[in-house]
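These are the residues of each chain, in order.
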Amino acid sequence: MTTEYFAKEKNKFNSGRYEWFKESLRWYRQYILGLIFVFFITDVGKLLIGEPRPHFLDTCHPKEADNCTNKYIDRYTCMNPNESTYIIRDASKSFPSGHASISVYGSISLAWYLHNKCKSRSMLLMPVLQALCILWAMFCSLTRITDHRHHWWDVLAGSIIGIVITTYINGLFDRQKNDNKSHSTTETWSNETTDNGYFTAGRLLNVVPDGKNPSLNL
């Protein structure tokens, strides 16, 4: 919201008094909607596919592991009394990685927002901030592998989910925003000088989108 406030203050003639607040709510709505999609797709993948985590044997202590055979075991009994039922069930939900999908989605969304809203005179400031966002997502995702919480393909699948949802949501709202601009009447302020040399400020120019000549309101 702070970013939107200062961005609107620089161009206050082209926006309403509380337009910065409305724009902030639009970005929050966009982000939360995409976040819901990420949670939904990730949880559906965990329920349908699952897959044991790398630490599954240490967490579950399955009874069937005492006599190892070449037979495929689809049912097992966990014998570890030190772990709760939730932890044991979670040990079978490795695919896809929720941390990877959420961190990638959040970092790319933030980088996208910085690209669209924050204009800096420095050529390095914005790329550095966006690179930090990507590095944070990489750190959050790769540490899931080093901590033995996920396999590498779990992290890869979660990252793909985050990238796809971010691209879809941002593209959807960008198209919607462009359509609203093309079908709505825009107002711009025109500062002109009269024939006798006097400066005329605050003249509102209403641009009609249907191709008609614009009207100048005093």
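For the protein chain, an unreviewed UniProt entry supplies the name Putative phosphatidate phosphatase and the organism Schizaphis graminum.

Draft legend 1. Looking closely at the overall build of the protein chain. Along the backbone of the protein chain there are seven helices and three strands. Ordered by position in the sequence, the α and β elements of the protein chain form the string α-α-α-α-α-α-α-β-β-β. Looking at the 218 residues of the protein chain, the share that counts as buried comes to 30%. As presented, the protein chain carries roughly 15,300 Å² of accessible surface, and 61% of it is formed by carbon and sulfur atoms.

Draft legend 2. Here's a closer look at the UniProt feature "transmembrane region" (unreviewed entry) in the protein chain. Mapped onto this numbering, the UniProt entry annotates "transmembrane region" (unreviewed entry) at residues 31-49, 124-145 and 151-173. From the first C-alpha to the last, residues 31-49 spans 27 Å; its make-up is 95% helix and 0% strand. The span residues 151-173 shows a helical share of 96% and a strand share of 0%, and its end C-alpha atoms are spaced 34 Å apart.

Draft legend 3. Up close: the packing of aromatic side chains. The final tally for this structure, using the stated rule, is four aromatic pairs. With centroids separated by 5.2 Å and ring planes inclined at 80°, the aromatic side chains of Phe56 and Tyr76 adopt a geometry described as edge-to-face. Of the two residues, Phe56 sits in helix α3 (residues 56-60) while Tyr76 sits in the loop between α3 and α4 (85-90), which places them 20 residues apart along the sequence. Judged by its relative accessible area of 8%, Phe56 is buried.

Draft legend 4. Structural detail: the state of the cysteines. Using the criterion set out here, one finds one disulfide in the structure. Through a disulfide, Cys60 is tied to Cys78; the S-S separation comes to 1.9 Å. On the S-S bond that ties Cys60 to Cys78, the torsion sits near -100°, and the link is left-handed. Remark: Cys78 occurs in the loop between α3 and α4 and Cys60 occurs in helix α3; sequence separation between them is 18 residues. By relative accessible area, which is 0% here, Cys60 ends up buried.

Draft legend 5. How the structure looks around the side chain of Asn170. If you trace the backbone, Asn170 turns up in helix α7 (residues 152-183). For Asn170, a relative accessible area of 4% corresponds to the buried category. At a separation of 2.3 Å, a polar atom in the side chain of Asn170 contacts the side chain of Gln30. Excluding residues that lie within four positions of it along the chain, Asn170 makes contacts with Gln30 and Trp112.

Draft legend 6. Seen up close, the pattern of salt bridges. Here the structure, examined in full by the defined rule, presents two salt bridges. Among the salt bridges present, the one from Asp90 reaches Arg149, with a minimum N-O distance of 3.5 Å. Of this pair, Asp90 sits in helix α4 while Arg149 sits in the loop between α6 (125-146) and α7, and the two are 59 residues apart along the sequence. By relative accessible area, which is 18% here, Asp90 ends up buried. A residue is classified by how much of its surface remains accessible, and Arg149, at 27% relative accessible area, is partly exposed.

Draft legend 7. Summary view of the environment of Ala131. Here Ala131 lies in helix α6. Overall, the relative accessible area of 35% leaves Ala131 in the partly exposed class. Note: C-alpha distance between Ala131 and Ile108 (23 residues apart in sequence) is 9.9 Å.

Draft legend 8. Spatial organisation of the environment of Trp153. Note that Trp153 resides in helix α7. Along the primary structure Trp153 and Ser94 are separated by 59 residues, whereas in three dimensions their C-alpha atoms are 9.8 Å apart. Contact partners of Trp153, with chain neighbours within four places excluded, come to Glu51 and Phe95. Separated by 3.3 Å, the side chains of Trp153 and Asp154 make a polar contact.

Draft legend 9. Structural view of the nonpolar core. Grouped together as the largest cluster of nonpolar side chains are seven residues: Leu35, Val38, Tyr105, Ile161, Ile165, Ile169 and Phe173. If you list the elements that add at least two residues to this core, you get α2 (19-48) and α7. Residue contributions to this core peak at four residues, all from α7. Those residues within four positions of Leu35 in sequence are excluded, and the remaining contacts are Ile102 and Tyr105.

Calculation criteria
- Residues numbered from 1 in each chain as written.
- Predicted model: local features only at pLDDT ≥ 70, side-chain atom pairs only at ≥ 80, totals over all residues.
- Heavy atoms only, no water.
- Helix = DSSP H or I, 4+ residues; strand = E, 2+ residues; numbered from the N terminus.
- Buried < 20%, exposed > 50% of the residue type's maximum accessible area, 1.4 Å probe, protein only.
- Areas by Shrake-Rupley, 256 points an atom, 1.4 Å probe, with all protein chains shown as cover.
- UniProt positions renumbered as here; feature names shortened; annotations may be inferred.
- Phe/Tyr/Trp six-rings, centres within 6.5 Å; stacked < 30°, edge-to-face > 60°.
- Disulfide = S-S within 2.5 Å.
- Polar contact = N/O pair within 3.5 Å; in protein donor to acceptor, adjacent residues only side chain to side chain.
- Contact = heavy atoms within 4.5 Å.
- Salt bridge = Lys/Arg side-chain N within 4 Å of Asp/Glu carboxyl O.
- Core = buried A, V, L, I, M, F, W, Y, C linked by side-chain atoms within 4.5 Å.

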